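# Structural description and commentary
One letter stands for each residue in the lines below.
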Amino acid sequence: MRALVAVKAGEPTDVLRLESRPVPTPKTGQALIRVKATPIHASDLHVLRGRYGFSPTFPAVGGGLECVGRVAALGPDTEAPTVGERVVVAAVPAVPGPPVAGTWQEYLVADTLRLLPVPDHLSDSSACQLAVNPLTALLLVTRELDVQPGEWLLQTAAGSTVGRLVIQLSRHLGIRTINVVRRRAAVEEIKALGGDEVICTEDEDLVQRVAETAGPDGVLKAADCVAGPVGAQVSQALAPSGELVVYGALSTHRKTDPAALTIPLQARSVIYETKRIRGFWLNRWFATASPEIALHALARVRGLVADEVLSIPRGRPFPLEHFIEAVALAEAPAHGTKPLFVIEDGRDEDGK
Ligand SMILES: NC(=O)c1ccc[n+]([C@@H]2O[C@H](COP(=O)([O-])OP(=O)(O)OC[C@H]3O[C@@H](n4cnc5c(N)ncnc54)[C@H](OP(=O)(O)O)[C@@H]3O)[C@@H](O)[C@H]2O)c1
């Protein structure tokens, strides 16, 4: 079988190789999965550059935190799920550390506790993106920030996949959103998606616009995945006692020096205005949640997507051998659609 392997940490296009490897054999409690589709996330590229929250032992199957595939075989004494079933694999490690297996390969072995069956009407594009971004959006809004109906939620990179899902979920729950984007061209799109207010940092002052929008009560809850000066402005824009959850650092995207991954906070905000700023990392959540809680949350997300409350932007398919183009798209400004590795096998391709 073919696998996209990173020989060492470095620039993804320099270190990735398409290699031939033996198909792995599942043990008891495991299933062999024939991968159908798997996305390229910013975090996959962070792992390859050696700037993520864990580092695998290289050479390693490069990136790949989630996928959809079909069960091809089961380990000894392993009954569920059934062979042929289409399942989502959450390869996000259950403890902070290297994942059991990356998903950028034709077959992988996974613990059956990590498998979530998906309904037929869910496309491969949506199913393969279920376990990371929609789950992050759900946990940020309902658990980390516990935003209540009628409350304001301020978020950055509103045009990202997570940002779009946060908008849709917020509308569903009666939460009002203030959405920060960096391009004027994105503003109308975010409004059309249901964003209540949109601030464009290209030509607007974030702190001033939040004050104008929210009035004297201000905004108490925010989620940021840009960090750097934009993340700092978000913390400044919050009302006293407000809470900011930082879950990404897009403004430092290609930087690998840990000292460059910063948010220049104002001491005044933290001390006198007692604002709380903390992080969220899905891997750590998976590490602390029991498999039952994690699967329950994933099933909730699956239901929201299957019921079309959440719509995951359709990804753009690439074969594994076109990884250079796929990585370039993942990092291109205004890339819109997310690149997916789609593995055709001519046998169970159902056109989804
Ligand atoms: N902590 C966690 O557990 C967790 C889980 C999931 C995702 N994340 C993080 O969430 C973030 C979004 O992921 P995604 O997959 O949803 O992203 P995505 O779909 O690839 O979209 C990226 C978005 O970020 C915007 N962007 C990129 N660089 C920016 C910058 N310097 N300043 C402002 N906006 C910028 C882009 O705007 P343009 O359209 O203008 O290019 C685009 O809208 C990433 O940082 C990812 O690592 C974290």
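Relevant structure appears above.
Anyway, here's the lowdown on the structure attached to this text. (Residues numbered from 1 in each chain as written. Predicted model: local features only at pLDDT ≥ 70, side-chain atom pairs only at ≥ 80, totals over all residues. Heavy atoms only, no water.)

### Description of the sheet that holds strand E14 (residues 276–279)
Strand order across the open sheet formed by six strands is E11-E10-E9-E12-E13-E14, with parallel pairing between neighbours. Of all the strands in the sheet, the pair left with one neighbour each is strand E11 (197–200) and E14. Between one strand and the next, the sheet's axes are offset by a mean angle of 20°, whatever the strand orientation. In the packing of helix H7 (residues 206–214) onto the sheet, the strands contacted are strand E9 (152–155), strand E10 (176–181) and E11, and the crossing angle to E11 comes to about 165°. With respect to the sheet, helix H8 (residues 228–237) is in contact with E9, strand E12 (221–224), strand E13 (243–246) and E14, its orientation differing from that of E13 by roughly 160°. (Pairing = 2+ DSSP bridges. Helix = DSSP H or I, 4+ residues; strand = E, 2+ residues; numbered from the N terminus. Axes fitted to C-alpha atoms, helices over the stretch in contact; angles between N-to-C directions. Contact = heavy atoms within 4.5 Å.)

### Observations regarding helix H11 (residues 291–306)
Its 16 residues give H11 an end-to-end C-alpha distance of 22 Å, which sits within 8% of 22 Å, the value for a rise of 1.5 Å per residue. Within the sequence span of H11, burial applies to Ala-294, Ala-297, Leu-298, Val-301, Leu-304, Val-305 and Ala-306. Residues of H11 that are buried in the fold lie against strand E6 (86–90), strand E8 (115–117), helix H3 (124–127), helix H4 (133–144), helix H5 (161–173) and helix H10 (282–288). In the stretch just after H11, Glu-308 is the one whose phi turns positive, near 65°. (Expected span 1.5 Å × (residues − 1). Buried < 20%, exposed > 50% of the residue type's maximum accessible area, 1.4 Å probe, protein only.)

### Description of unusual backbone geometry
Cis geometry is adopted by the peptide bond preceding Pro-59, which originates at Phe-58 and carries an omega value of 0°. Residue position: Pro-59 is located in the loop between helix H2 (42–49) and strand E4 (60–61). In the segment running from Ala-80 into Pro-81, the intervening peptide bond is cis, with an omega of -10°. Here Pro-81 lies in the loop between strand E5 (66–74) and E6. One non-glycine residue, Ser-241, adopts positive backbone phi at about 70°. You can see Ser-241 is positioned in the loop between H8 and E13.

### With respect to the site of the ligand
Surrounding the ligand, one finds 23 residues, the nearest of these being Thr-161, Arg-183, Leu-282, Ala-334 and Lys-338. The backbone of Ser-160 places a nitrogen or oxygen atom 3.2 Å from an oxygen atom of the ligand. Between Leu-282 and the ligand, the recorded distance is 2.6 Å, taken from a backbone N or O atom to an oxygen atom. Those elements giving two or more residues to the shell around the ligand turn out to be H4 and H5. A per-class count over the shell around the ligand returns twelve nonpolar, eight polar and three charged. Domain assignment of the residues forming the shell around the ligand places at least three in each of domain 1 (2–130 + 285–342) and domain 2 (133–280). (Near = heavy atom within 4 Å. Polar contact = N/O pair within 3.5 Å; in protein donor to acceptor, adjacent residues only side chain to side chain. Nonpolar A, V, L, I, M, F, W, Y, C, P; charged D, E, K, R; others polar. Domains from an automatic or database assignment.)

### Focus on the environment of Tyr-107
Considering the arrangement of structural elements, one finds Tyr-107 in strand E7 (residues 107–111). It is 9.8 Å that separates the C-alpha atoms of Tyr-107 and Thr-25, two residues lying 82 residues apart in sequence. Here Tyr-107 is in contact with Met-1, Val-23, Pro-24, Leu-32, Ile-33, Arg-34 and Ala-72, once residues within four sequence places are set aside.

### Focus on the nonpolar core
Grouped together as the largest cluster of nonpolar side chains are 48 residues, with contacts concentrated most on Leu-130, Leu-135, Phe-280, Leu-282 and Trp-285. Looking at this core, the elements that each hand over two or more residues are E6, H4, H5, H10 and H11. With seven residues, the single largest contributor to this core is H11. Per-domain counts for this core show at least three residues from each of domain 1 (2–130 + 285–342) and domain 2 (133–280). Once residues within four sequence positions are removed from consideration, Leu-135 is found in contact with Leu-130, Leu-282, Trp-285, Phe-286, Ala-297, Leu-298 and Val-301. In this structure, Ala-3, Cys-67, Val-71 and Leu-329 belong to the second largest nonpolar core, which totals 30 residues. (Core = buried A, V, L, I, M, F, W, Y, C linked by side-chain atoms within 4.5 Å.)

The quantities given are spatial measurements derived from coordinates; they are silent on function.
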